[in-house]
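What follows is each chain in one-letter form.
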Amino acid sequence: MSWYPLTNPDEVISPSLLFYKDRIESNVRSMVSIAGSPERLVPHVKTHKCPEVVKIQLSAGISKFKCATIAEAEMVADAGAPWVLIAYQLVGPNMERLFALREKFPDTTFASLVDNEQTAGLLSEVSKARGLRASVFLDVNNGMNRTGHATDESLLSLYRYVSSREGLSFGGVHIYDGHIRNPEFSERKAAADEAYEKVLPLLDRIGTECGYDPMIIVGGSPSFTVHTLRPDVYLSPGTNVLWDWGYGDRFDGQPFEHAALIITRVISKPAAGIVTIDLGHKAIAAENPIENRLRLLNLNEYTLLGQSEEHGVLQVSTDAWESIQIGDVFYALPYHICPTVALHDFATVIEGGNVIGEWKITARSRRVTV
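Per an unreviewed UniProt entry, the protein chain carries the name D-TA family PLP-dependent enzyme and comes from Dyadobacter sp. 676. You can read under Sequence similarities (unreviewed entry) in the UniProt record for the protein chain the words "Belongs to the DSD1 family."

Draft legend 1. Looking closely at the packing of aromatic side chains. What the rule picks out here adds up to 11 aromatic pairs. Judged by centre distance (5.9 Å) and plane angle (80°), the ring pair of Trp-83 and Phe-137 falls under edge-to-face. Highlighted residues: Trp-83 in strand β3 (residues 83-89) and Phe-137 in strand β5 (residues 134-140), separated in sequence by 54 residues. Both residues of the pair, Trp-83 and Phe-137, count as buried. Through a chain of ring-to-ring contacts, three or more aromatic side chains come together here, namely Phe-224, Trp-243, Tyr-247, Phe-251 and Phe-256. In this structure, Arg-23 is placed above the aromatic ring of Trp-3, and the distance from its NZ or CZ to the ring centre is 3.8 Å.

Draft legend 2. Examining the packing of helix α1 (residues 21-35) against helix α2 (residues 51-59) more closely. At a minimum axis separation of 10 Å, α1 and α2 run at an interaxial angle of 45°. In terms of orientation, α1 lies oblique with respect to α2. Of the two possible hands of crossing, α1 and α2 adopt the one that is right-handed. Between α1 and α2, the contacting residues are Ile-24, Glu-25, Val-28 and Met-31 on the first element and Val-53, Ile-56 and Gln-57 on the second. Split into classes, the residues belonging to the contact of α1 with α2 amount to 5 nonpolar, 1 polar and 1 charged.

Draft legend 3. Quick peek at α1. Here α1 is 15 residues long and its end C-alpha atoms lie 21 Å apart, about the 21 Å a rise of 1.5 Å per residue gives. Listed as buried for α1 are Lys-21, Arg-23, Ile-24, Ser-26, Asn-27, Val-28, Ser-30, Met-31, Val-32 and Ala-35. Positive phi shows up at Gly-36, right after α1, with a value of about 90°.

Draft legend 4. Quick peek at the pattern of salt bridges. Within this structure, the stated rule accounts for 14 salt bridges. Measuring nitrogen to oxygen at the nearest pair gives 2.5 Å for the salt bridge that ties Glu-72 to Lys-49. Residue Glu-72 is found in helix α3 (residues 70-78), and its partner Lys-49 is found in the loop between α1 and α2; the two are separated by 23 residues along the sequence. Here the two residues Glu-72 and Lys-49 agree in accessibility, since each one is buried. Among the salt bridges present, the one from Glu-125 reaches Arg-165, with a minimum N-O distance of 3.0 Å. Taken together, the residues span a long stretch of sequence, with Glu-125 in helix α5 (residues 117-128) and Arg-165 in the loop between α6 (154-164) and β6 (168-175) at a distance of 40 residues. By relative accessible area, Glu-125 is classed as partly exposed at 37%. Ionic contacts of the salt-bridge type, sharing partners, join the residues Lys-21, Glu-25 and Glu-351 into one network.

Procedures and definitions
Residues numbered from 1 in each chain as written. Predicted model: local features only at pLDDT ≥ 70, side-chain atom pairs only at ≥ 80, totals over all residues. Heavy atoms only, no water. UniProt positions renumbered as here; feature names shortened; annotations may be inferred. Phe/Tyr/Trp six-rings, centres within 6.5 Å; stacked < 30°, edge-to-face > 60°. Helix = DSSP H or I, 4+ residues; strand = E, 2+ residues; numbered from the N terminus. Buried < 20%, exposed > 50% of the residue type's maximum accessible area, 1.4 Å probe, protein only. Lys NZ or Arg CZ within 6 Å of the ring centre and 35° of its normal. Axes fitted to C-alpha atoms, helices over the stretch in contact; angles between N-to-C directions. Parallel < 35°, antiparallel > 145°, perpendicular 65-115°, else oblique. Left-handed = near helix turned anticlockwise from the far one by under 90°. Contact = heavy atoms within 4.5 Å. Nonpolar A, V, L, I, M, F, W, Y, C, P; charged D, E, K, R; others polar. Expected span 1.5 Å × (residues − 1). Salt bridge = Lys/Arg side-chain N within 4 Å of Asp/Glu carboxyl O.

Below is the structure:
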């Protein structure tokens, strides 16, 4: 039997996000197995934004987490995580929010990123005014060109600046290589190795100056299985916990299971060969071209012609059109799960084909309480 059908789909409204609990737990076990130890993992929570998933990871021995927003950091800390890296450079009011988090969760260690002296200086002043020190990681750009300091000698100057500021504490180095997406492992490894080796001489010099081996957090989901071969780095996969069509079809050597779907229903058959489902771009990520948004697991030979806010329009064969009925249930595998999850307030949790509850997608909000 297929893994995804619900025993009683009438219990679930559509469109709705489905989390398959046993598959999430399996993916967490696979993450730990690939890393070799839960202590090496700093998984990103941006994919699921859900405290119950954090608790599953905590129960597997994972104690460090990565996030992108203050809301995600609050969600993780509230779930009981002892260490959180906000893998983002904080500006404006978000600096004040960082210290509000620290006050609210005194048992959790928080760190954030800097890639320039201006941001580091401002964060130092905000921290120093409170009589505190803010832990920061140097964000290094080794080819993605999204954020991060260039891999040149001036990175050492930034390290020295951070180390000299009264309100800052040097936590380590963050290197994200999300631009490396070669499908075949050997090619992906070659590209990731080349990008990482640009940083190695600078890491060695930073280690010499600070007198210890700094904490190095490297990679994401695509390069996860590459960087696990480096014994002295921390790993930060994210999408792996839910997996999706985009990554699942693209990268070999990653033994993860699809653990999140969208349930949708047929709402109209407006013309011969045309079927409309209640799955518009308000319920599934739509940043990719129309052919790379969803895959219906229980319908063959269809074409997604278009989407609007609440509608998905399919072209199907004559035979399929005649057999499909209004109200029929389809299960959609998202191409990109991370922004899909962020469109839903709750996930309906499935175990053994049965609905066992709902988990709130707490950190889809930009603000929880802080």
